[in-house]
Amino acid sequence: MSVVSIKGQNQSEIDKDTIHQLAASLSVEIANAGDVDDYLVLLRSLESVLQHVRDAPDYIHPELRPQPVVGGSRQYWKPRDEDNPMNGWNFRCDLTSSTPTSGLLKDRSVAIKDNISIGGLPTTLGTYTELLSRNGSLPVSPIDSSVVGRILSASGVVKGSSTCENHCASPLSFTSVSGPVHHPLLHGYTTGGSSSGSCALVAARSLKQQGADRQWGDLAELGIGSDQGGSVRIPASYTGVYGLKPTFGLVPYTGAASMAPMIDHLGPIAPCLEDIATLLKVMAGYDGLDPRMTPESPLVKQVKDYPQALADFKAKSSGFGGAQKQTPLRVGFLTESFAIAGLASVVRDTVRLAAKAFEAAGAEVTEVSIPLHSEGPIIWTASTRPSMSDSLCQGKTGGHLSYLPPHLQAQWPPSQRAFDLQTASNPALVNIMLSGQFAHRQFGPWLEGKAHRKVFELRAAYDKALEEVDVLITPCAPTLAMPHPDPESRISDKLNSSTGVISNTCPFNVTGHPALSVPCGSAATPDHPDIQLPIGMQIIGRRWEDETTLMAAALFEQGKRSGTI
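Now for a quick tour of the structure. Just so it is clear, the model here is predicted, and its values are computed rather than measured.

Over its 16 residues, helix α8 (residues 345-360) extends 24 Å from the first C-alpha to the last, a length consistent with the 22 Å expected when each residue adds 1.5 Å. Among the residues making up α8, those that are buried are Val347, Thr350, Val351, Ala354, Ala355, Ala357, Phe358 and Ala360. Buried-residue contacts for α8 involve β7 (330-334), β8 (364-368), β9 (471-475), β10 (515-525), β11 (528-541) and α15 (546-561). Gly362 sits one or two positions beyond α8 and adopts a positive phi of about 100°.

Spelled out as structure tokens, the structure:
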């Protein structure tokens, strides 16, 4: 280490007491007076450097500058309650690029989760303005995230930011400060989270296209969400749409607020597989800015043609039992995933029944045991929770060169008011804050490092199983959609409703495997026997073979159409 500057010492307010206080925070003492003087010089130097960067103009990367739009300006508005009955929208806009480079998403309307930067629109993370901005005003984004820029370049129409859960820290949909997001079929019931708004808007539009007669307000054909433990797949499962968590590093996360870099994913949400494939083709590819991307990440020009791969597969396997025309897919039902705590029998039985559809379409179906899957949620928690607050609540970088959203300025440490607000809105977020403090004090960083090594073990277990089968099958959300908890209920009641929801999804966030939620059935709740609520099945593929998850879903749909289930 070298000292780059010793300027500005005369303007510093750092004194010797500061040095002693900093040492005490490390549980040490600096007894030598000369040493105190020397450290004082060094810290004043650092202060000068940091002040210089703080006061300098920020840098907007050319690739992230908001591109020109039709009409010239990026206007946004808050939707009226009567136009937003599910609370699926946060802010509305109508953005179409005036300089598109392709027509892959020509005139398709897209809802963007409210933790993903849209140039000219606020980003609120489903939380309170005062917790994101030092001046108390809505933090308006000066950039288009990589994914938003690509959607606009593909002629997609960005219709607004969709409501997300408070700091994205909930698998259910009751924590946003703007209010709960309601299920398209049952007001007062969860859509799942944290990409709650995107899934609600896409699901409602799909239902409307099928002839459902309800007042949902303005909707979106397609959605984008983020997924750190299941936040695309869980709401997709609850609402009956498709939601993909791509292979880690396939889609750039640049411009989205992070929960923890090693589990951050952006993924597409759509009513059909073809739309998932098209969105993935638009979103994927190295952007030169995201440290989550690896040497395995394809350049944009080398991204697979997912829509064509899906179309080719469907053509070769069309017709009842037609999959014999090509090498049949090998489908493995993951034994341990059907034994997780809290799995409803109707969900278990419905997903199990999918085996008949796969077999009818010509797949080889088998049972696969991966004992370590049962520890997946433990490994996910231990490898992320100790430092999750660093990214999620404090806005820290992950240690690698990265481009964080420049308009989001986390307020840390939290004030008593912030603590009280979050306790009332989303106690899971407060738990993340307390967990970080506790884990570092009680166990130190070494244990998190060991947990990361356990991630490699878990990845190897899935990889080994995927040598014998092409995809793994698990239940996705473990229950049908349930009512929102009472806002006045105790913390334990709010958290109990979400306990175990991501047990089958979060392991694949740490291992990086692609995982797709596929609608596979429905069932009624005792309180509403007249309404069929969706059930989702999860299909997991080999890393960097996302197209295989789409093919397996297509094969399931083919078998289902045969009348087997």
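What follows is about empty space enclosed by the protein. Going through the model one piece at a time under the given rule, you end up with one cavity of 30 Å³ or more. If you add up the space inside the largest cavity, you get close to 60 Å³. Around the largest cavity, the lining residues are Pro246, Thr247, Phe248, Gly249, Leu250, Val251, Tyr253, Asp264, His265, Leu266, Asp290 and Arg292. Across the lining of the largest cavity, the residue classes tally to six nonpolar, three polar and three charged.

Residues Phe438, Phe443, Trp446 and Leu447 make up a contiguous nonpolar surface patch of roughly 450 Å² in combined accessible area. Considering the arrangement of structural elements, one finds Phe443 in the loop between α11 (427-442) and α12 (445-468).

Our focus in this paragraph is the nonpolar core. Counting residues in each nonpolar core, the largest one holds 95 residues, and the members touching the most others are Ile112, Ile151, Ile224, Phe358, Ile473, Met537 and Ile539. Those residues in contact with Phe358, other than ones at most four positions away along the chain, are Val331, Phe333, Ala363, Val365, Ile473, Met537, Ile539, Ala552 and Phe556.

Once that is clear, we can look at unusual backbone geometry. Between Gly193 and Ser194 the backbone carries a cis peptide bond, its omega angle lying at 5°. Looking at the secondary structure, you find Ser194 in the loop between β3 (157-162) and α4 (196-209). Residue Pro413 follows Trp412 across a cis peptide bond; omega there is 0°. Secondary-structure assignment places Pro413 in the loop between α9 (376-392) and α10 (416-425). Even without a glycine there, the phi angle at Ser27 is positive, about 65°. Its place among the elements puts Ser27 in the loop between α1 (16-25) and α2 (33-55). Within the chain, Cys168 stands out as a residue other than glycine whose phi angle is a positive 60°. In this structure, Cys168 sits in the loop between β3 and α4.

With that out of the way, let us pick up the packing of α10 against α11. Interhelical geometry of α10 versus α11 gives an angle of 130° and a closest axis separation of 6 Å. Viewed along their axes, α10 and α11 adopt a mutual orientation that is oblique. For the pair formed by α10 and α11, the contact residues are Phe419, Gln422, Thr423 and Ser425 on the first element and Pro427, Leu429 and Val430 on the second. Partitioning the contact of α10 with α11 into residue classes produces four nonpolar, three polar and no charged.

The next subject is the layout of surface pockets. Volume-wise, the largest pocket comes out at about 1,200 Å³. Along the walls of the largest pocket sit 47 residues, with Gly395, Pro405, Leu408, Gln409 and Ala410 positioned nearest its centre. Contributions of two or more residues to the lining of the largest pocket are made by α2, α9, α10 and α11. Looking at which element gives the most residues to the lining of the largest pocket, the answer is α2, with three residues. Classifying every residue of the lining of the largest pocket by side-chain character gives 29 nonpolar, 13 polar and five charged. Taken as a whole, the second largest pocket holds about 860 Å³ of empty space. Sorting the residues of the lining of the second largest pocket by element identifies α9, α12 and α14 (507-511) as the ones contributing at least two each. The class makeup of the residues in the lining of the second largest pocket is 15 nonpolar, 17 polar and eight charged.

This next bit is on the packing of aromatic side chains. The geometry of an aromatic ring pair is captured by the separation of the ring centres together with the interplanar angle, meaning the angle of the planes. Tallied over the entire structure, the rule returns six aromatic pairs. With centroids separated by 5.3 Å and ring planes inclined at 85°, the aromatic side chains of Tyr76 and Phe91 adopt a geometry described as edge-to-face. Of this pair, Tyr76 sits in the loop between α2 and β1 (89-96) while Phe91 sits in strand β1, and the two are 15 residues apart along the sequence. The exposure class of Phe91 is buried, given its relative accessible area of 8%. Ring geometry for Phe333 versus Phe338: centroids 6.2 Å apart, planes at 20°, classification stacked. You'll find Phe333 and Phe338 in the same group, each marked buried. A connected cluster of aromatic rings, assembled from ring pairs, spans Phe333, Phe338, Phe358 and Phe556. Against the face of Phe91 rests Lys78, its NZ or CZ located 4.5 Å from the ring centre. The ring of Phe338 carries the charged tip of Arg352 above its face, separated from the ring centre by 4.0 Å.

About the cut-offs
- Residues numbered from 1 in each chain as written.
- Predicted model: local features only at pLDDT ≥ 70, side-chain atom pairs only at ≥ 80, totals over all residues.
- Heavy atoms only, no water.
- Helix = DSSP H or I, 4+ residues; strand = E, 2+ residues; numbered from the N terminus.
- Expected span 1.5 Å × (residues − 1).
- Buried < 20%, exposed > 50% of the residue type's maximum accessible area, 1.4 Å probe, protein only.
- Contact = heavy atoms within 4.5 Å.
- 1 Å grid on protein atoms, 1.4 Å probe; cavity = no way out; pocket = protein on both sides within 12 Å on 5 of 7 lines; lining within 4 Å.
- Points joined across faces, edges and corners; volume = space filled by probe spheres on them.
- Nonpolar A, V, L, I, M, F, W, Y, C, P; charged D, E, K, R; others polar.
- Patch = residues over 30% accessible without salt bridge, like charges linked within 9 Å, V, L, I, M, F, W, Y side chains within 5 Å.
- Areas by Shrake-Rupley, 256 points an atom, 1.4 Å probe, with all protein chains shown as cover.
- Salt bridge = Lys/Arg side-chain N within 4 Å of Asp/Glu carboxyl O.
- Core = buried A, V, L, I, M, F, W, Y, C linked by side-chain atoms within 4.5 Å.
- Axes fitted to C-alpha atoms, helices over the stretch in contact; angles between N-to-C directions.
- Parallel < 35°, antiparallel > 145°, perpendicular 65-115°, else oblique.
- Phe/Tyr/Trp six-rings, centres within 6.5 Å; stacked < 30°, edge-to-face > 60°.
- Lys NZ or Arg CZ within 6 Å of the ring centre and 35° of its normal.

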